[in-house]
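The chain contents come next:
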Amino acid sequence: MSVNDVTDPTDLRGAGMKAMREALPGVFPEGDIDLRDGRLGEDLVEIGLTSVWGALWAREGLGSRDRSLVTLGILIALGAEAELKTHVRIALTNGLTKDEIAEVIYHAAGYAGFPRATAARTAAREALGE
């Protein structure tokens, strides 16, 4: 998918919504939806929608599968287990297998450290219901 696939290529929100719906099928209803919840920091999801999903995931240059590989590695290195759980499911949607996700975790152990890889394994197991 590319920003150019959206009617208005300058519409990062539209591109982001399209990319998120493709990555998380069935999670977001069709049509324009408001992701704000009226609580502290409510714009954070909207910011992520435009800046991460619209400006990055919707770019040409890497396919969704490759972006998932990169994202998993970064999230493991950051120790971002909550986000990793979501991106494990996204990685499956984008064509990675459970064995490939395990290989990302093994590979990250050498660069991000064994504790980060162990935490990532726990998060991935939870995301997969194992």
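Everything below is about the structure shown above.
Here the structure is a predicted model, which means the values were calculated and not measured. (Residues numbered from 1 in each chain as written. Predicted model: local features only at pLDDT ≥ 70, side-chain atom pairs only at ≥ 80, totals over all residues. Heavy atoms only, no water.)

Participant: Whenever I open this one, the overall build of the protein chain confuses me. Can you help?
Facilitator: Tallying secondary structure elements over the protein chain gives 6 helices and 0 strands in all. What you see in the protein chain, going N to C, is helices and strands ordered as α-α-α-α-α-α. Its C-alpha atoms give the protein chain a radius of gyration of 15 Å, within 12% of the compact-globule value 14 Å for 130 residues. Summarising its shape, the C-alpha atoms of the protein chain cover approximately 45 × 35 × 25 Å along the three principal directions. Counting over 130 residues, the protein chain shows a buried share of 34%. Counting only contacts in the protein chain whose residues sit at least 6 apart along the sequence, the fraction spanning at least 24 positions is 56%. Here the protein chain displays about 7700 Å² of accessible surface, and carbon together with sulfur accounts for 55% of that area. (Helix = DSSP H or I, 4+ residues; strand = E, 2+ residues; numbered from the N terminus. Rg over C-alpha atoms; globule rule 2.2 N^0.38 Å. Buried < 20%, exposed > 50% of the residue type's maximum accessible area, 1.4 Å probe, protein only. Contact = heavy atoms within 4.5 Å. Areas by Shrake-Rupley, 256 points an atom, 1.4 Å probe, with all protein chains shown as cover.)

Participant: Any chance you could explain a nonpolar patch on the surface here in plain terms?
Facilitator: A contiguous nonpolar patch, built from L62, V70, I74 and L78 and spanning about 360 Å² of accessible area, is present on the exposed surface. Among the residues examined, V70 registers a relative accessible area of 44% and is labelled partly exposed. (Patch = residues over 30% accessible without salt bridge, like charges linked within 9 Å, V, L, I, M, F, W, Y side chains within 5 Å. Salt bridge = Lys/Arg side-chain N within 4 Å of Asp/Glu carboxyl O.)

Participant: Whenever I open this one, the side chain of R67 confuses me. Can you help?
Facilitator: The residue R67 is located in helix α3 (residues 64–78) in this model. Of the buried charged residues, R67 lacks a salt bridge, with D66 as the closest side chain of opposite charge at 8.1 Å. Only 3.3 Å separates the side chain of R67 from the backbone oxygen of R59, close enough to count as a polar contact. Excluding residues within four positions of it along the chain, R67 makes contact with L56, W57, R59, E60 and L62. (Lys, Arg positive; Asp, Glu negative; His and termini not counted. Polar contact = N/O pair within 3.5 Å; in protein donor to acceptor, adjacent residues only side chain to side chain.)

Participant: How should I be thinking about the pattern of salt bridges in this particular structure?
Facilitator: If charged atoms from side chains of opposite charge come close, those side chains can pair. Taken as a whole and judged by the stated rule, the model has 10 salt bridges. Notably, a salt bridge pairs K18 with E22, separated by 3.7 Å at the nearest N-O pair. In this pair, K18 and E22 both sit in helix α1 (residues 12–23), 4 residues apart, roughly one turn of the helix. With a closest N to O distance of 4.0 Å, R36 and E46 form a salt bridge. Of the two residues, R36 sits in the loop between α1 and α2 (44–57) while E46 sits in helix α2, which places them 10 residues apart along the sequence. Assessed through its relative accessible area of 40%, R36 is described here as partly exposed. Since its relative accessible area comes to 8%, E46 is described here as buried. Several salt bridges share partner residues, and in doing so they unite R13, D32, D34, R36, D43 and E46 into one network.

Participant: Where do I start with the nonpolar core in this structure?
Facilitator: One broad rule of soluble globular proteins: the nonpolar side chains tend to lie buried together. Of all hydrophobic cores here, the largest spans 17 residues; its most connected members are L72, I76, L84, V88, I101 and I105. Where this core is concerned, the elements lending two or more residues are α3, α4 (81–93), α5 (98–112) and α6 (114–127). By residue number, the principal contributor to this core is α6, which donates 5 residues. Setting aside residues no more than four positions away along its own chain, I101 makes contact with L72, V88, A91, L92 and L96. (Core = buried A, V, L, I, M, F, W, Y, C linked by side-chain atoms within 4.5 Å.)

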